[in-house]
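Here is how the chains run, residue by residue.
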Amino acid sequence: IMPLTIYVGVKENNLGIETENPYVQPVIMEYFSQRFSANFINDLEADLIIKGTVNTRSMSEIPNDYGIYQTFGDATIIILNGNTGEEILVKSYSKVQGSDFNSNREAANQALKKLSEQIKEEFLPELFAVIQGL
């Protein structure tokens, strides 16, 4: 039995800067590794292609009246059949809020953490059900 091959390309930007330690892509890879014993490859010849964009943005450069920095995270993830190029599933998240008393950067990290948790709890199980039906 040949294991599933997957290409994962998720661009993650935290307040306009590409993240060195991403939140979302590792969650996706861990899920497929555990559920499917998948092999991850670096080209588009994979059985499954997962592409995505994750961005955070701040409400203001200064904290609000309560001393809280607020940011929001948005994500779009597209799953494609690597053999046919057919779109299997698309999911978008918007305005996932992060907040912190110290900085916008930490507030944005909180938003990314919440996004990755939503993807793990909502999107990946939905994708699992779709893949089982293929």
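Residues numbered from 1 in each chain as written. Predicted model: local features only at pLDDT ≥ 70, side-chain atom pairs only at ≥ 80, totals over all residues. Heavy atoms only, no water.

A. Fine view of the overall build of the protein chain. The secondary structure content of the protein chain amounts to two helices and six strands. Each helix and strand of the protein chain, placed in order from N terminus to C terminus, yields the pattern β-β-α-β-β-β-β-α. Over its C-alpha atoms, taken along the principal directions, the protein chain stretches across nearly 60 × 25 × 25 Å. Among the 134 residues that make up the protein chain, the fraction classed as buried is 38%. Looking at the protein chain alone, contacts between residues at least 24 apart form 65% of all its contacts between residues at least 6 apart. Total accessible area computed for the protein chain in this model is approximately 7900 Å², and 47% of it derives from carbon and sulfur atoms. Distance from the positive charge centre (10 side chains) to the negative charge centre (18 side chains) of the protein chain: 4 Å. (Helix = DSSP H or I, 4+ residues; strand = E, 2+ residues; numbered from the N terminus. Buried < 20%, exposed > 50% of the residue type's maximum accessible area, 1.4 Å probe, protein only. Contact = heavy atoms within 4.5 Å. Areas by Shrake-Rupley, 256 points an atom, 1.4 Å probe, with all protein chains shown as cover. Lys, Arg positive; Asp, Glu negative; His and termini not counted. Charge placed at Lys NZ, Arg CZ, Asp CG, Glu CD.)

B. Main features of the side chain of Thr19. Its location among the elements puts Thr19 in the loop between β2 (17–18) and α1 (24–36). Classification of Thr19 by relative accessible area gives buried; the value is 17%. Setting aside residues up to four positions removed in sequence, Thr19 forms contacts with Glu12, Asn13, Asn14 and Leu112.

C. Representation of the environment of Ser116. In this structure, Ser116 sits in helix α2 (residues 104–132). C-alpha of Ser116 to C-alpha of Met29: the two residues are 87 residues apart in sequence and 12 Å apart in space. With sequence-adjacent residues up to four places away left out, Ser116 is seen in contact with Tyr23, Val24 and Val27.

D. Fine view of the pattern of salt bridges. Per the stated rule, a full pass over the model turns up two salt bridges. With a shortest N-O distance of 3.2 Å, Asp74 and Arg57 are connected by a salt bridge. Separated by 17 residues along the polypeptide, Asp74 in strand β5 (residues 69–81) and Arg57 in strand β4 (residues 48–58) bring together distant segments of the chain. The partly exposed category is assigned to Asp74, whose relative accessible area is 21%. Lys91 is the partner of Glu126 in a salt bridge, and the nearest nitrogen-oxygen pair spans 3.8 Å. Taken together, the residues span a long stretch of sequence, with Glu126 in helix α2 and Lys91 in strand β6 (residues 87–100) at a distance of 35 residues. For Glu126, a relative accessible area of 33% translates into the label partly exposed. (Salt bridge = Lys/Arg side-chain N within 4 Å of Asp/Glu carboxyl O.)

Geometric values such as these leave the question of function open.
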